[in-house]
Amino acid sequence: YTHWELESLPSGGWGYLHFPLTMRYARTLALDCLGMTGKFHTSWGDFHSFKNEAALQFECFQMLALNAKCSVGDQLHPEGRICPHTYALIGGVYQQVERKEPWCRRASPITEIGVYHPEEFTGGHIRLPEAALGAVRMLQEGQHQFDMIDTQTELERYRLAVLPEAVPLTAHLRERLEEFVGRGGAVIGAHRGGVDEAGGGLGFAVKGDAPYSPDFVRPQGLLAAGLAETGHVMYSRGVELEAAAGAEVLAWTEVPYFERDWRHFCSHRHTPSAGQRGYPAAVRAGKVIHFAHPLFSQYASNAPRWCKVLFLNAVQALLPEPLVRVAGPSALLAMLNVQTEPARHVLHLLYYVPERRGADFDVVEDVVPLHDLRVSVRVPQVARVVLAPEGDVLPHVYCGERVEFVLPQLRGHQMLALEPR
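Caption draft 1: Inspection of the sheet that holds strand S17 (residues 333-340) at higher detail. Ordered in space as S4-S17-S18-S24-S20-S21, the six strands form an open sheet in which the pairing is antiparallel. Strands at the two margins of the open sheet, each flanked by one partner only, are strand S4 (108-109) and strand S21 (393-394). Note: strand S20 (residues 382-388) against strand S24 (residues 413-420), six bridges, orientation antiparallel. Bridge assignment links Val-382 to a residue of S24, and that residue is Pro-420.

What follows is the structure, given as structure tokens:
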């Protein structure tokens, strides 16, 4: 192979999570990558249709931020004449891409989290595993810097490994993760992700499926930030965890009065909590945290905010100083890259919000500006923070190992060059 081409039309069945997920894996494979979208409103062959300009901007600029080159597909009319309006649309976006290219050439991602891709075990193509989609969405919404990896990936560059449900703990993976933790790395798993055939994990065991579903997680301690200390329903059945000697229970489940069936009935959906403590919902053994429930596939299904907050609180506990912090909405994307010639870090910020305005797929139409975003990046000393390609210099300060500054306005996509001393 000479390079990877990642065909991914968000409106053509792939969706807006497909490209960032697949690209975060493909870019680890040491070949150039090219993102391929289309000018069509729906998918290939949709003659006389036009993608919204904001959507095409988002798709191309996200390719740049994720270290891919850009390709926009069209289909020639049988008369053999190109549509000038189509190329006015593509050309307008490509003019902006051309201005951004100097900050993207030969750029490499700076990441600290590796997410094991369940597809290695489940298979898939356009319809990617829900656990992978949920993990990507959660980490993107937390502005974390991460790759998708497989069980052959070397872990030296990462500080945290994440095992979504459906990633079993093989003997090979156990050996690799134990070595990783021994060097100071951290691990987060969920449900049967990170569990071997006998039910063993890294500092915990799985006794079997949870006896109740739904059950309820009561956040406490380090997992409770941003959540009320009360029961939060977990729609998908979890497992019954058992903490090993020396491990601690971070959160407990509450069980319902009964599990609803033909003999017991309550309301339309499920029986509420009886307020009675059940079995562990999350355990910690040193730098390993494991959740009993399939948080990632649950978030992909219907996005309970508490599932994301529980996970991101665990990430915060294990990575208290992440590479990037941005005080902005959860739909804001942040990707940190580095160039060697010239030597600089480049932070990409994107704020485009796909909306489900029709039944078939999400669309992006409006570019809504954000103002006065507080940004903090853990990088070596920098001389200047420069808006790219505009060239404006922003005031910055250093706080510990972090450079901090305020971005006056983000309109769609902004690159920030962090130039070294």
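Caption draft 2: The arrangement of the sheet that holds strand S22 (residues 396-399) in detail. On the basis of which strands lie adjacent, the open sheet formed by four strands has the order S16-S19-S23-S22 and antiparallel pairing. Every other strand in the sheet has two partners, leaving strand S16 (324-326) and S22 as the edge strands with one partner each. The average undirected angle you get between the axes of adjacent strands in this sheet is 25°. Where strand S19 (residues 370-378) meets strand S23 (residues 402-410), eight bridges bridge the pair, whose relative direction is antiparallel. Bridge assignment links Val-377 to a residue of S23, and that residue is Val-403.

Caption draft 3: Local environment of the pairing of S22. In the sheet, S22 pairs with S23 via four bridges, with the strands oriented antiparallel. Bridged to Cys-399 within S23 is Arg-402. Hairpin connection between S22 and S23: a loop of two residues separates the two successive antiparallel strands, and Gly-400 in this loop has a positive phi of roughly 65°.

Caption draft 4: The arrangement of the pattern of salt bridges in detail. By the definition in use, this model includes 24 salt bridges. Across the salt bridge formed by Arg-27 and Asp-147, the nearest N and O atoms sit 2.9 Å from each other. Placement of Arg-27 in the loop between helix H1 (18-26) and strand S2 (32-38) and of Asp-147 in strand S6 (residues 146-149) is noted, with a sequence separation of 120 residues between them. Here Arg-27 matches Asp-147 in class, with each residue buried. For Glu-154, the salt bridge goes to Arg-176, with nearest N and O atoms at 3.7 Å. Taken as a pair, Glu-154 in the loop between S6 and strand S7 (160-163) and Arg-176 in helix H6 (residues 171-182) lie far apart in primary sequence, 22 residues in all.

Caption draft 5: Seen up close, the packing of aromatic side chains. Tallied over the full model, the rule gives six aromatic pairs. Summarising the aromatic geometry, the rings of Phe-58 and Tyr-352 are spaced 5.2 Å apart at their centres and angled 25° between planes, so their arrangement reads as stacked. Note that Phe-58 is positioned in helix H2 (residues 53-65) and Tyr-352 in the loop between strand S18 (343-350) and S19, a separation of 294 residues in sequence. Like Tyr-352, Phe-58 is buried.

Caption draft 6: Molecular detail of unusual backbone geometry. Omega for the peptide link from Ser-213 to Pro-214 comes to -5°, which places this bond in the cis form. By the element assignment, Pro-214 lies in the loop between strand S9 (204-209) and strand S10 (215-218). Backbone torsion omega between Ala-388 and Pro-389 reads 5°, so that peptide bond is classified as cis. In this model, Ala-166 sits at a positive phi of 80°, which is unusual for a non-glycine residue.

Caption draft 7: Quick look at the packing of helix H5 (residues 130-141) against helix H7 (residues 295-302). Contact pair H5 / H7: the axes reach a minimum separation of 7 Å and the direction vectors enclose 80°. In terms of orientation, H5 and H7 fall into the roughly perpendicular class. Contact with H5, carried on its side by Glu-130, Ala-131, Leu-133, Gly-134, Ala-135, Arg-137, Met-138 and Glu-141, involves Leu-295, Phe-296, Ser-297, Tyr-299, Ala-300 and Ser-301 of H7 and no other residues of that element. Classifying every residue of the contact of H5 with H7 by side-chain character gives eight nonpolar, three polar and three charged.

Caption draft 8: Representation of H2. Taking 1.5 Å per residue as the helical rise, H2 with its 13 residues ought to reach 18 Å, and the 18 Å between its terminal C-alpha atoms agrees with that figure. Of all 13 residues in H2, 12 are buried, a share of seventy percent or more. Listed as buried for H2 are Ala-54, Ala-55, Leu-56, Gln-57, Phe-58, Glu-59, Cys-60, Phe-61, Gln-62, Met-63, Leu-64 and Ala-65.

Caption draft 9: Representation of H7 within the structure. All buried positions along H7 are accounted for by Leu-295, Phe-296, Ser-297, Gln-298 and Tyr-299. Taken together, the buried residues of H7 touch H5, S7, strand S8 (186-190), strand S11 (232-234), strand S15 (288-291) and helix H8 (305-318). With its phi angle positive at about 55°, Ala-303 sits one or two positions after the end of H7.

Thresholds applied
Residues numbered from 1 in each chain as written. Predicted model: local features only at pLDDT ≥ 70, side-chain atom pairs only at ≥ 80, totals over all residues. Heavy atoms only, no water. Pairing = 2+ DSSP bridges. Helix = DSSP H or I, 4+ residues; strand = E, 2+ residues; numbered from the N terminus. Axes fitted to C-alpha atoms, helices over the stretch in contact; angles between N-to-C directions. Salt bridge = Lys/Arg side-chain N within 4 Å of Asp/Glu carboxyl O. Buried < 20%, exposed > 50% of the residue type's maximum accessible area, 1.4 Å probe, protein only. Phe/Tyr/Trp six-rings, centres within 6.5 Å; stacked < 30°, edge-to-face > 60°. Parallel < 35°, antiparallel > 145°, perpendicular 65-115°, else oblique. Contact = heavy atoms within 4.5 Å. Nonpolar A, V, L, I, M, F, W, Y, C, P; charged D, E, K, R; others polar. Expected span 1.5 Å × (residues − 1).

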